[in-house]
Amino acid sequence: MDHDDDLIRELRLYSRTLEDLKLRIERIEKHLELEAAPADVRPVQNPENASIISRSSGLDNTESDLELRIGLYWFGRVGVVALVIGLVFLLLQPFSSQHPVLSSAGGFVIAGGVILLSRFLKHSFTLLSGYLLGGGLIILFVSTLHLHYFSAQPFLGGSFAETLLLLIAVGFSLIVSIRRKSSYLAAISLSMGFAVALMSGQLYLFFAVSLIMAALTSFIAAKYHWVGLLIYGMVVTYLAQLEWFFNNPAFGNTLELREIPYGAMFLLLLLTAIFSLSLLLRNKDGNEGVDVNLSAFLNLTFGYGLFIFLSLLKFQDHLLSLHLTASLVFLLLAIVFWLKQNSRFRTFVYAMTGYTALSVAIVAGTGTPTSFVLLCWQSLLVVSTAVLFRSKYIVIANFVIFTIVFIAYLALAGSINITSLSFGVVAILSARILNWQQSRLDLKTDMLRSAYLVAAFFIFPYALYHIVPGDYVGLSWLGVAIVYYIISVLLKNVKYRWMALLTFLMTAFYLIIIGTTRLGPTFRIISFLILGIALLVISFLYAKMRMKSGTKDTR
């Protein structure tokens with residue numbers, strides 16, 4: 001309980017103050033050569049508060065601390081839970097000679113008594129008061145529930161009136177939880193609200209209550225900085241959606257995926273956006289706390305995870321529009337998190353989720369191998385976004401995804417064509433962007449840029465080997481090497497010069513092994529002549545460079 005934590009903190013402060021005063025008095029007595037007060041006239045500590053004070057000051061031993069936890073915390077919690085369970089079973093017990101409304105009326109009386117008792121004990125026994133208040137609210141909810149459910153002859157025959165009364169009980173519980181500033185009571189109210197929505201069996205009522213409860217949870221969690229309530233609210237909200245979509249099996253229905261309206265998918269996106277808004281309101285300073293980052297991660301994991309799961313099962317024909325919309329929502333949220341909070345982690349997870357949704361849309365809207373090529377160019381877009389967000393994490397994740405996409409392309413494309421060169425071009429352009437914005441991305445080494453260049457070094461020869469006729473493979477590789485040299489001269493970058501050198505060596509080995517045995521006489525002569533001329537020209541250029549040894553390459 002929040003009040004109990006405040007009590008412990010206050011006692012800890014008082015204890016430390018007393019210890020400081022004690023030390024100061026002892027120093028004064030020693031300085032004035034006065035005798036200390038006898039032990040029998042010193043103030044006696046209140047035995048009721050001894051364990052609490054010693055626990056807060058850290059002077060007590062482990063045994064008394066454990067005793068306090070068991071006696072004060074766990075016995076109180078377990079006792080209230082046992083009492084509430086017993087009263088609930090009593091209220092739900094069918095009595096043949098008793099009118100159905102009497103059980104509910106008795107429950108209302110008991111609930112009122114427990115709530116009043118909680119109010120009476122509010123200041124003297126804060127911890128126990130909170131538990132009793134929660135138990136009273138649960139008894140009130142169950143008593144209202146009994147007016148229509150769990151009875152052979154219900155007092156309220158129609159579900160509308162019952163649902164309305166239950167929502168009033170939930171609203172009362174929320175008001176009480178806010179007045180008491182208790183996340184524990186707010187969590188109970190949230191659970192009761194979703195129970196009402198699920199039991200109603202009405203589609204639009206369920207969606208409306210889901211939105212209202214999610215909005216209230218987000219607002220309350222942001223206002224009082226209850227990150228635990230926010231996480232609990234996310235879990236309960238998304239589990240309620242899953243329960244509804246699978247036909248409410250917890251309420252005795254057959255486990256099956258019910259017919260889902262198209263608009264329900266946008267409801268999931270709206271719920272995710274609502275919880276994201278809570279993170280924006282709660283953490284205006286952009287603090288990268290573990291609790292806030294965990295909330296963002298869970299929100300996207302549950303929200304988009306459920307979204308993609310349902311869309312793949314029920315809306316295969318609408319995957320393009322659904323995931324394009326999801327991508328737009330998450331990328332906009334990533335931009336907002338960056339502009340409002342300058343948050344690296346939350347910007348990263350929202351941006352990558354947005355690009356994941358965009359990838360699904362691309363795959364759904366195009367077939368292989370076109371989708372792989374588009375995913376390849378999307379990689380370049382992600383790198384550009386990483387520069388905007390100053391996120392090296394996006395760059396690292398993007399390189400891993402780029403590699404996976406290329407491997408999947410090789411395995412599933414069936415044939416290699418000219419579009420395969422897109423992977424090499426994107427790798428070169430990505431390396432240039434990283435080199436251009438290295439300081440903005442706070443990259444300490446050239447590892448990522450070098451990784452992209454290594455990828456390009458292998459992609460171009462591999463793709464050309466499959467694209468061009470066998471007689472032209474060596475010539476095409478020579479062309480790539482010459483392009484690398486031109487780039488190295490224009491950019492004054494030694495990395496491209498090394499790529500050119502290695503490509504020339506690879507071409508020479510290829511022509512020596514393959515050219516002498518498989519190429520026709522004409523292409524064999526042309527290939528070796530061009531290779532020889534190119535190597536001589538390069539040797540001449542290196543000799544000239546050595547003569548001008550004062551020239552330095554810059555990166």
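Refer to the preceding data block for the structure.
For every chain, the first residue of the written sequence is number 1, and numbering continues from 1 along that sequence. Per-residue local features are limited, in this predicted model, to residues with pLDDT of at least 70; the limit for side-chain atom pairs, both in listing and counting, is 80 or more; totals at the level of whole chains, interfaces and linings are taken over all residues. Processing note: side-chain calculations cover all non-hydrogen atoms of the structure and skip hydrogens and water entirely.

1. Quick look at the packing of aromatic side chains
The condition is simple: Each aromatic pair joins two rings of Phe, Tyr and Trp (for Trp, the six-membered one) with centres within 6.5 Å, and gets the label stacked for planes under 30 degrees apart, edge-to-face for over 60, and tilted for any other angle. Helix and strand labels come from DSSP, where a helix needs a run of H or I of at least four residues and a strand needs a run of E of at least two; each type is numbered from the N terminus. Throughout this description, buried means an accessible area under 20% of the type-specific maximum (1.4 Å probe, protein chains only), exposed means over 50%, and partly exposed covers the range between. Throughout this description, the term charge over a ring refers to an Arg CZ or Lys NZ atom that lies within 6 Å of the ring centre and within 35 degrees of the ring normal.
Overall, the coordinates contain 20 aromatic pairs when judged by the stated rule. The interplanar angle of 70° and the centroid separation of 6.0 Å between the aromatic rings of Phe372 and Tyr409 together place this pair among those described as edge-to-face. Of this pair, Phe372 sits in helix α14 (residues 370-389) while Tyr409 is found in helix α15 (residues 392-412), placing the two residues 37 residues apart along the sequence. As far as burial versus exposure is concerned, Phe372 and Tyr409 are alike and both buried. Ring-pair connections join several aromatic residues into one group, and the members of that group are Phe372, Phe399, Phe402, Phe406, Tyr409, Phe423 and Tyr452. Between the NZ or CZ atom of Lys223 and the centre of the ring of Tyr224, over which it lies, the distance is 5.7 Å. We note Arg258 situated over the ring of Trp244; from NZ or CZ to the ring centre the distance is 3.9 Å.

2. Describing the side chain of Ser430
Put simply, the rule is: Working rule for contacts: check all heavy atoms of both residues, and any pair within 4.5 Å makes them a contact.
The topology assignment puts Ser430 in helix α16 (residues 421-436). Relative accessible area serves as the criterion here: at 0%, Ser430 is assigned to the buried category. Not counting chain neighbours up to four residues away, the residues in contact with Ser430 comprise Leu380, Val383 and Tyr452.

3. A look at helix α12 (residues 319-341)
Basically, it comes down to this: One fewer than the residue count of a helix, multiplied by 1.5 Å, yields its expected span.
Its 23 residues give α12 an end-to-end C-alpha distance of 32 Å, which sits within 8% of 33 Å, the value for a rise of 1.5 Å per residue. Of the residues making up α12, those classed as buried are Leu319, Leu322, His323, Ala326, Ser327, Phe330, Leu333, Ala334, Phe337, Trp338 and Gln341. Positioned one or two residues after α12, Asn342 has a phi angle of 55°, which is positive.

4. As for the environment of Leu140
Counting through the fold element by element, Leu140 comes out in helix α5 (residues 126-145). Residue class for Leu140 comes out buried when judged on its relative accessible area of 17%. Spatially, the C-alpha atom of Leu140 lies 8.8 Å from that of Val109, the residues being 31 residues apart in sequence. Beyond its immediate sequence surroundings of up to four residues, Leu140 is in contact with Phe108, Ala111 and Phe172.

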